[in-house]
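Inside the fold
Chain residues, written in single-letter form:
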Amino acid sequence: MYEAKPERRELFNKLLADEKVQKALKFIEDDQERTKEELKKLVVIEAPSWEEENRAKAFAQMMIEQGLTDAHIGAGGDVISVRKGTTDGPKVLIEGHMDTVFPFGTVKGVEEKDGILYAPGIGDDTRALAMLLCINRALSAAGITTVKDVLFVGTTREEGLGGLGGIYDLHESRKDIGAQISLDNHNMAAITYEGTIGETYEFKIIGKAGHSYGAFGTMANTVHAGARAVAKIADYQVPDDPKTTFCASNFHAGTASGVHAFAPEASVIVNFRSNSDEEFAKMKTFIFNAFEEAVREENERWNKEPLTLEVKPISITPGGKQDPHCALVEASQMALEELGVKGFLSQGGSTNANIAISRGIPAVCLGRGFVPEGQSGNIRNHSVDEFFPLYNAHKAVQHALLVLLMAAGVDGLIDPIE
Ligand SMILES: [Zn+2]
């Protein structure tokens, strides 16, 4: 049983007992039709990573129209706007990412059937943008002023090779972010409070070309060296907990016409991740050594025309740990309980929260939608069949609002939790 610290419980109860806060919660429920229409509007403005500009402009315009008049496209293409609080200290950032994994031309429209919206990117993470708009409206409608400023941000380049680039640029460009709430889990019950460390490299083994028969014995073989390295990595032992993973995801060598030839190059891409600094460091050393040893062994085997190794980083994701009883996690748990949802702490994560956590800034990643207990809630994100169930979806918005108010504080009612 997860118990929040009594002083935080007291603040939370005070928050809930407030008339304005209740008004904001009710507003969110009543606002779902509009939130849905905004989601439908945004999802058809396609936004592959690095090409979010059209969606960014539309999102900024929608922010401006509802009173966030400073909304603008800033660092790294992020849409940034501030909702003023009563103090000038560190701000609370609430954000969703604007980019999707789909190239232009993928989204043909939105289909709505039996309370479900279908469109690529409808959940991940377009829904978060609609949530931000709804939360801002709810604060205005209820007349709530926060203690800390709230930064509403739509970020770029979260997905894939974007490598959390938009949120990284935001943190690089401003040092006034004191806490971060990301909205990017499909299930509101999941509270992501850790950042899995992950790195991806291309290991390229470079040698000479030659005939498979004619040149045999005169040169080392790039494909054999790559295979030696992959075989070593395949046997690497990792703990189940903390979760630690590795995956050789690509192996490219040779050409269609070179079936009887030594390939002059073999390239292997390896991604590896861990929720433990030590396990990560150990594994990284092992993987790098595996390639060096493989090349050395292959060179020693033939002792002619030696191979060389080139290593290129493809993506580097920092991470880190937080106390499961840090303020944001406790606020998230209490708010879920209040909404009748059984929360769980999801181990690890590769979300925009990673960047904050790696810098020692408190952060959580929360959910976008409601999943009935006992169901997996797989919304097929990252596939063209992606869908978003509308049932109880407003609860995810209410959840984000309550956590935001705990983090930012409410003027005349509660101080921000620390
Ligand atoms: Zn996402």
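Residues numbered from 1 in each chain as written. Predicted model: local features only at pLDDT ≥ 70, side-chain atom pairs only at ≥ 80, totals over all residues. Heavy atoms only, no water.

Considering the pattern of salt bridges
Any two side chains of opposite charge can pair if their charged atoms end up close together. What the rule picks out here adds up to 32 salt bridges. The partner of Lys-91 in a salt bridge is Asp-176, and the shortest N-O contact between them spans 3.9 Å. Here the residue Lys-91 occupies a position in strand 3 (residues 91-97), and Asp-176 occupies one in the loop between helix 6 (165-173) and strand 7 (177-185), the gap between them amounting to 85 residues. Across the pair Lys-312 and Glu-202 runs a salt bridge whose closest N-O atoms are separated by 3.6 Å. Placement of the pair is Lys-312 in strand 14 (residues 308-317) and Glu-202 in strand 9 (residues 197-206), with a sequence separation of 110 residues. (Salt bridge = Lys/Arg side-chain N within 4 Å of Asp/Glu carboxyl O. Helix = DSSP H or I, 4+ residues; strand = E, 2+ residues; numbered from the N terminus.)

Side note on the domain arrangement of the protein chain
As far as domains go, the protein chain holds domain 1 (6-195 + 319-408) and domain 2 (197-317). Domain 1 and domain 2 are separated by 39 Å when their C-alpha centres are compared. With 11 residues of domain 1 in contact, the opposing surface of domain 2 contributes eight residues. Three residues stand out in domain 1 for area buried against domain 2, namely Leu-161, Gly-319 and Gln-347, and they jointly supply 44% of the buried area on that side. Inspection of the domain 1/domain 2 interface yields zero salt bridges. Residues that form the side of domain 1 that touches domain 2 fall into these classes: two nonpolar, seven polar and two charged. (Domains from an automatic or database assignment. Contact = heavy atoms within 4.5 Å. Buried area = accessible area lost by both parts, 1.4 Å probe. Nonpolar A, V, L, I, M, F, W, Y, C, P; charged D, E, K, R; others polar.)

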